[in-house]
Amino acid sequence: MNNLLQFIIKHIHWFVFLIYMVVSCILLFRSNPYQQSVYLSSANSVASTVFEGYSAVTSYFGLKSANEEMQQQNTALLLEVAQLKKQLRNYQLQIPDTTGILAKSEQEYSFVVANVISNSVSQPANFITIDRGSLDGIMPEMGVVGHDGVVGIVNVVGKHTARIISLINPYTRLSCKVKKNDKFGTLIWNGEDYRYATLIELPRDGKYAKGDSVVTSGYSSLFPEGIMVGIIEGEDKAMSSNFMAMKVKLSTNFSQLKNVSAIHNKMKVELKALESKDNNPNGAKPKEEKK
């Protein structure tokens, strides 16, 4: 307190000056219409500048929630389109819905939106880390999509975070098809340019052209059919007399990933059970070897 009083006494002349100046300004602007209009114009200009800056700052901090909401809407529409295509195909085949598959299809997929907190595009094997984990419903082997298409597959899950094997990882194998003719193959990354991958094992009897869309085939439980993967850029190296490969420009820009959605197939357990029976058609347990 003594220090404050000493400071005020030491600089008393400045405080007196400021008081006189404020009082003078008040009297000037109240008594003179011209000066009052100048003051109001200047004050409005300063206030508008301050509010513009404040609006820009608050808008920037609101981008995160806006991006998450947009990602939720995009993923919901993406899955809805996939389900509608599935239903349309079943109707076109004129298969009666005796099993209730069409009635259940709307609830077949769910998703969890997450933010990307770590990402790589220049490593021999690229991974992505997101800020959602097991407590948020993330599980291993969930397909992951972004605004523009397929991103990767969840492989390691913690309570609050998870790691994704990126599509630009040489260990990733994705079943895809050319949209216009339903010819399918396997998408792989050769470890060079993060913008491109190669669609291998394509039948040679199909017709392919630059610009053809490449989408998920739906032959796995990871992704619904018809999710965008990329477009054909041209023919790659030949594989054999019966199969060929195409260079694909990926639709996802992996250098600018911000928000993604992990897709959960609610029929995955049932599909896995059916697939396991393929390896053991009789349903019998393998006999243990005697020691």
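Cut-off values and rules
- Residues numbered from 1 in each chain as written.
- Predicted model: local features only at pLDDT ≥ 70, side-chain atom pairs only at ≥ 80, totals over all residues.
- Heavy atoms only, no water.
- Helix = DSSP H or I, 4+ residues; strand = E, 2+ residues; numbered from the N terminus.
- Buried < 20%, exposed > 50% of the residue type's maximum accessible area, 1.4 Å probe, protein only.
- Contact = heavy atoms within 4.5 Å.
- Areas by Shrake-Rupley, 256 points an atom, 1.4 Å probe, with all protein chains shown as cover.
- Pairing = 2+ DSSP bridges.
- Axes fitted to C-alpha atoms, helices over the stretch in contact; angles between N-to-C directions.
- Core = buried A, V, L, I, M, F, W, Y, C linked by side-chain atoms within 4.5 Å.
- Patch = residues over 30% accessible without salt bridge, like charges linked within 9 Å, V, L, I, M, F, W, Y side chains within 5 Å.
- Salt bridge = Lys/Arg side-chain N within 4 Å of Asp/Glu carboxyl O.

Draft legend 1. Highlighting the overall build of the protein. Helix and strand counts for the protein come out as 6 helices and 12 strands. Considering the protein as a whole, with its 291 residues, one finds that 30% of them fall into the buried category. Taking the intrachain contacts of the protein between residues at least 6 apart in sequence as the baseline, contacts between residues at least 24 apart amount to 59%. Surface exposure of the protein reaches about 19100 Å², of which carbon and sulfur atoms provide 58%.

Draft legend 2. Structural detail: the sheet that holds strand E5 (residues 162-166). The 6 strands lie next to each other as E1-E2-E5-E4-E3-E12, forming a closed barrel whose pairing is antiparallel. Taking each pair of neighbouring strands and ignoring which way they run, the sheet shows an average axis angle of 45°. Bridge analysis of strand E1 (residues 109-119) against strand E2 (residues 127-130) gives 3 bridges, and the strand direction is antiparallel. Within E2, the position partnered with valine 116 by the bridge is isoleucine 130.

Draft legend 3. Representation of the pairing of E5. Burial along E5 is one-sided: the face carrying Ala162, Ile164 and Ser166 is buried and the face carrying Arg163 and Ile165 is not. Relative to E5, E2 is paired through 4 bridges, and the arrangement is antiparallel. Looking at E5, one finds that phenylalanine 127 is bridged to isoleucine 165. Linking two consecutive strands that pair antiparallel, namely strand E4 (residues 150-157) and E5, is a turn of 4 residues.

Draft legend 4. Representation of the nonpolar core. Leu187 and Val229 are the most contacted members of the largest nonpolar core, which totals 43 residues. When neighbours within four sequence positions are excluded, valine 229 is seen to be in contact with Val150, Leu167, Leu174, Cys176, Leu187, Val214, Val215, Thr216, Lys249, Leu250 and Ser251.

Draft legend 5. Layout of the environment of phenylalanine 184. Here phenylalanine 184 is to be found in strand E7 (residues 184-188). For phenylalanine 184, a relative accessible area of 43% puts it in the partly exposed group. Remark: the alpha-carbon pair of phenylalanine 184 and tyrosine 219, spanning 35 residues in sequence, is separated by 9.7 Å. Once residues within four sequence positions are removed from consideration, phenylalanine 184 is found in contact with Cys176, Lys177, Glu201, Leu202, Pro203 and Tyr219.

Draft legend 6. The arrangement of a nonpolar patch on the surface in detail. A surface patch of nonpolar side chains, about 1100 Å² in accessible area, is lined by Leu4, Phe7, Ile8, Ile12, Trp14, Phe15, Val16, Phe17, Leu18, Tyr20 and Met21. Mapped by element, the contributors of at least two residues to the nonpolar patch are helix H1 (2-10) and helix H2 (12-31). Here the element with the most residues in the nonpolar patch is H2; it accounts for 8 residues. As for its placement among the helices and strands, isoleucine 12 is situated in helix H2.

Draft legend 7. Main features of the pattern of salt bridges. Tallied over the full model, the rule gives 6 salt bridges. The shortest N-O distance in the salt bridge between lysine 183 and aspartate 205 comes to 3.5 Å. With a gap of 22 residues between them, lysine 183 in the loop between strand E6 (174-178) and E7 and aspartate 205 in the loop between strand E8 (196-203) and strand E9 (213-216) connect regions that are remote in the sequence. In this structure aspartate 205 comes out as exposed when scored by relative accessible area, which is 61%. One salt-bridge network, held together by shared partners, links Lys177, Asp182 and Glu225.

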